[in-house]
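Examination of the molecular architecture
Take a look at the letters that make up each chain.
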Amino acid sequence: MSDLKNFREEIRDWLESNCPPEMRQPVKDEDDVCWGGRNFQFKSEAQKTWMERCAAKGYTVPDWPNAYGGAGMSAAEAKIWREECARIGARPPLSSFGIWMLGPALLKFGTEEQKIHYLGQIARGEIRWCQGYSEPGSGSDLVSLQTFGEDKGDHWVVNGQKIWTSYADKADWIFCLVRTDKTNKYQGISFLLFDMASPGVSTKPILLISGNSPFCETFFDNVTVPKEQIVGELNRGWDVAKYLLGHEREMISSTGGGDRAASLGSAVSRAAALEDPVLRAELALFDVDALAFTAMSEKFMDEVKVGKGHPAQPNMMKYAGTELNKRRLELVMAAGGSAALEWESEASNGGSSARNWLRTKANSIEGGTSEVMLNVVAKRILDLPGA
Amino acid sequence: MPLYHTEDQTMLADTARQFMADEGAIAKQLRHWRDTGCKDGFGHTLWKQLAELGFTGIMVSEDDGGLGMGHVEAGIVMEEIGRNLTPSPFLTSAIAAATALGASSHELKGRYLPGLLSGDSVFAVAIDEGRKHRPERIATQAVRSGNGFRLDGAKTFVIHGASADMLVVAARTAGSDDDADGITLFAVPRDTVGLSQDAVRLVDSSIASHIKLEGVQLDADAVIGEVDGGREVLNRVLNAARVGAAAESVGVAAGAFDMTATYLRQRKQFGKLIGEFQSLQHRAAHLYSEIEIARAATFKAQQLLDGGSEKADLMVSVAKAKAGKAAGLAVREGVQMHGGIGMTDEYDIGLYMKRDRALAEFMGDQYYHAQRVAQLSGY
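Residues numbered from 1 in each chain as written. Chains lettered and ligands numbered in written order. Predicted model: local features only at pLDDT ≥ 70, side-chain atom pairs only at ≥ 80, totals over all residues.

1. With respect to the overall build of chain A
What chain A contains, in helices and strands, is eleven helices and eight strands. Rg of the C-alpha trace for chain A: 21 Å, near the compact-globule value of 21 Å for 387 residues, within the 12% margin. Summarising its shape, the C-alpha atoms of chain A cover approximately 70 × 45 × 45 Å along the three principal directions. In chain A, which comprises 387 residues, the share counted as buried stands at 44%. (Helix = DSSP H or I, 4+ residues; strand = E, 2+ residues; numbered from the N terminus. Rg over C-alpha atoms; globule rule 2.2 N^0.38 Å. Buried ≥ 20, exposed ≤ 12 C-beta atoms within 10 Å, placed from the backbone.)

2. Regarding the overall build of chain B
In terms of helices and strands, chain B carries eleven helices and ten strands. Its C-alpha atoms give chain B a radius of gyration of 21 Å, within 12% of the compact-globule value 21 Å for 379 residues. Taken over the C-alpha atoms alone, chain B extends approximately 75 × 50 × 40 Å along its principal axes. Buried residues in chain B amount to 56% of all 379 residues. Taking contacts inside chain B between residues at least 6 apart in sequence as the whole, the part at least 24 apart equals 75%. (Contact = placed C-beta atoms within 7 Å.)

3. Focus: the interface of chain B and chain A
Interface extent is often summarised as the accessible area lost during association of the parts. The interface of chain B with chain A comprises 33 residues on the first partner and 34 residues on the second. For the side of chain B that touches chain A, the secondary structure elements donating two or more residues are α7 (231–266), α8 (278–306), α9 (312–338) and α11 (366–376) of chain B. Counting residues per element, the side of chain B that touches chain A draws most heavily on α8(B), at 14 residues.

4. Structural notes on the packing of helix α8 (residues 277–305) of chain A against α9(B)
Running from amino to carboxyl end, α8(A) crosses α9(B) at an angle of 100°, the nearest separation of the two axes being 9 Å. Classified by the interaxial angle, the pair formed by α8(A) and α9(B) is roughly perpendicular. The segment α8(A) lies against α9(B), with Val288(A), Asp289(A), Leu291(A) and Ala292(A) engaging Val318(B), Ala321(B) and Lys322(B). A breakdown of the residues in the contact of α8(A) with α9(B) according to their chemical character gives five nonpolar, no polar and two charged. (Axes fitted to C-alpha atoms, helices over the stretch in contact; angles between N-to-C directions. Parallel < 35°, antiparallel > 145°, perpendicular 65-115°, else oblique. Nonpolar A, V, L, I, M, F, W, Y, C, P; charged D, E, K, R; others polar.)

5. Points about the domain arrangement of chain A
Each assigned domain of chain A is listed here: domain 1 (2–95), domain 2 (129–235) and domain 3 (257–381). Summarising the inter-unit geometry, the C-alpha centres of domain 1 of chain A and domain 2 of chain A are found 31 Å apart. (Domains from an automatic or database assignment.)

6. Examining helix α5 (residues 90–102) of chain B
Helical geometry note: an α-helix holds 3.6 residues per turn, so side chains three or four residues apart project in the same direction. Its 13 residues place the ends of α5(B) only 16 Å apart at the C-alpha level, less than the 18 Å of an ideal helix rising 1.5 Å per residue. Taking burial as the measure, the 13 residues of α5(B) include 13 buried ones, the bulk of the element. (Expected span 1.5 Å × (residues − 1).)

7. Re the environment of Thr173(B)
All names here are of chain B. With respect to the element layout, Thr-173 can be found in the loop between β4 (166–172) and β5 (183–189). Measuring from C-alpha to C-alpha, the distance between Thr-173 and Val-335 comes to 47 Å, with 162 residues separating the pair along the chain. Once you skip the residues sitting within four places of it in the chain, Thr-173 turns out to touch Ala-142, Gly-182, Thr-184, Val-227 and Asp-228.

8. A few points about the domain arrangement of chain B
Residue and element names in this part refer to chain B. Splitting chain B by domain gives domain 1 (7–121), domain 2 (125–227) and domain 3 (232–376). Computed from C-alpha atoms alone, the centre-to-centre distance between domain 2 and domain 3 is 30 Å. Domain 2 puts 14 residues into the contact, and the matching count from domain 3 is 14 residues. Its residues assigned to classes, the side of domain 2 that touches domain 3 comprises ten nonpolar, three polar and one charged.

9. Here we look at the packing of helix α1 (residues 7–23) of chain B against helix α4 (residues 71–84) of chain B
The packing of two helices is summarised by the inter-axis angle and the distance between the axes. Residues and elements named next belong to chain B. Their axes nearest at 9 Å, the elements α1 and α4 cross at an angle of 25°. Judged by the angle between their axes, α1 and α4 are roughly parallel. Seen along the crossing, α1 lies across α4 with a hand that is right-handed. Only Val-72, Glu-73, Ile-76, Val-77, Glu-80, Ile-81, Arg-83 and Asn-84 of α4 make contact with α1, whose side of the interface consists of Gln-9, Leu-12, Ala-13, Ala-16, Arg-17, Met-20 and Ala-21. (Left-handed = near helix turned anticlockwise from the far one by under 90°.)

10. Concerning the nonpolar core
If you look at the biggest cluster of nonpolar residues, it comprises 165 residues, and the most contacted ones within it are Ala292(A), Val168(B), Phe186(B), Ala253(B), Ala301(B) and Val318(B). The element that contributes the greatest number of residues to this core is α7(B), accounting for 19 residues. Excluding anything up to four places from it in sequence, Val318(B) contacts Val288(A), Leu291(A), Ala292(A), Ala297(B), Ala301(B) and Val373(B). (Core = buried A, V, L, I, M, F, W, Y, C linked by C-beta atoms within 7 Å.)

11. Description of unusual backbone geometry
The backbone phi angle of Trp164(A) is positive, close to 60°, even though this residue is not glycine. Mapped onto the elements of the fold, Trp164(A) is located in strand β3 (residues 155–166). Judged by the 22 C-beta atoms lying within 10 Å of it, Trp164(A) falls in the buried class. Positive phi, normally seen in glycine, also occurs at Ser205(B), with a value near 75°. By secondary structure assignment, the location of Ser205(B) is in the loop between β6 (195–201) and β7 (207–219). Look at Ser205(B) and you get buried, because 21 C-beta atoms sit within 10 Å.

12. Things to note about the confidence of the model for chain B
Of the residues in chain B, 100% have a pLDDT of 70 or more, and the chain-wide mean is 97. Here the prediction assigns the complex a pTM of 0.90, and the interface score ipTM is 0.95. (pLDDT = per-residue confidence, 0-100.)

Shown next, in the form of structure tokens:
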């Protein structure tokens, strides 16, 4: 116990002297997020310093092993790290799909060489990853995907199209589900990694209802992928994909609670007087659900760290977290009134309320729809028949 | 502190679950006492058995002869009580009154704790004065008289009041009805002259009293804690009772849900198991999610209380509101998904609906607690 106490002191001291004051301000919008990668433009010197200092200590991925760029923290230590960061409002030094999604999959399925090479790059913020899963004809029914990798001996030649590829236009590499056997639906998919700068890869951003383009269409036209860039076994990519989806759902679910635990009602009432008692009541009922979900997130994370809890629980978390977040933004809009409708004005920070509100509608679609999540819960947790 | 049970807590949970499933089962307890018209509404033998297992001493300090455990452990027992709808004075005696006694003098502890630890005594708490829980407002008067106090007023919704050997009564010794200060708690023996009860059976077959206090004369040593400074102890009692009730609600929800999910796996219509219908699957999965979240919120509130955190008040209200909401959904979906059989007295699902309704009111419903969440959050 006293070891943990010392550890907390150590972290506290280190944060105090290393986290720039600017990095202790709340993240206002997308621009404040540090994604890393070959082409990343740091918004400020402080953002760069903060990421580099953390990377040097392994704090960008605190619970990954030291050999792969992490700090080798135990579950209890990682929790202390999060708590101490939260205490001073420190921003995440680095955010990426590499950390949240590919990393855990590589830790479980990668070869030693792959772990050292790719995980290190992720931890240091050198390579930004995107995820090639959905296709125009394969949304909720992901396993029907058609992008094909033709076996050419020491490499595959990949042809096909992905869609809803988040930040594909900004990413350096892609982890991609590719069909390598047309005769077997589930056991005919492989999990491949390749450079987005490879000849034959092109991307086209999709303009969304929010007016932003975080997603792309991604096209593969005779893209060469060396055989050593497969994760897990040939044709068993679905196992990796499912495991990774669990982490994706975990990540998306956290947008509904976790660090956004602060009371919505108090935030809203600071901005403008709450004159409508019915709206106030809605906010109070929302805050009950949101604070309860924060406890659920904490419990879920605690259980994940020690391997407790049902393996299908991330689906429940994803469902509950995203539905909650949509409700949050509905209330933000209602409380904001006509001011929240402004789309471009400076006062509205470029229409951030309205754009966020629209953005959240994707929460319960991306990474598996709420309906699919409920199907999975019914089948795998509740063991309902024929589900 | 991670949000999962320690090994010791897991063992306690296994013991409590097994014991309540065997001895506290609906047929053995709730239906038995209901159908025999028992005046207490619960069984004293079971209460003694809970004492033998040490459960009645969970919230009593080791110095006072108890187990010196906390809200997490008490909540483990409450969840099993809820799951089996076991009528028991555990919540009012071993959680609420025990919390009050923990703040009382050695003399009061000596007078009452042995009976709690042995299962010979039952206690109640008399706080509410109107039909809705509103402990901010206390009008019952206690004025100095002789070497003690004279109490006048009325209390309502006093669960187990008629069976209790002692009632913890919140009364006003100073200030006006809505003042936070000026409250004093008293340990009042049931047979005190001037205390009269009208015991009524509630929808869930529990027995609650309307209590009249007319010139009830008490010695000064009946005071729990400080004169005029009882609000702090009262809040502790309220927190304990609320989080205990939340844990019971989670158990009620889980019990109703288990019954319903089992039914979905067995009942056939249109040549199919009804659990194959996606409309029911999705509702069941949503309900599962709500119950899990309610359990987590309750667990978090218990931990914060045990750790003496200043955030505990807020989380207790979150837990009581969320658990009430989840349990309400569980019993409504339970009855609906059972169809016609769910409306019969013979089938247990309706008993869950009745218990949930009473539990929702006890110590504040989801609206009261959502309101409190707003106030504690500063809006």
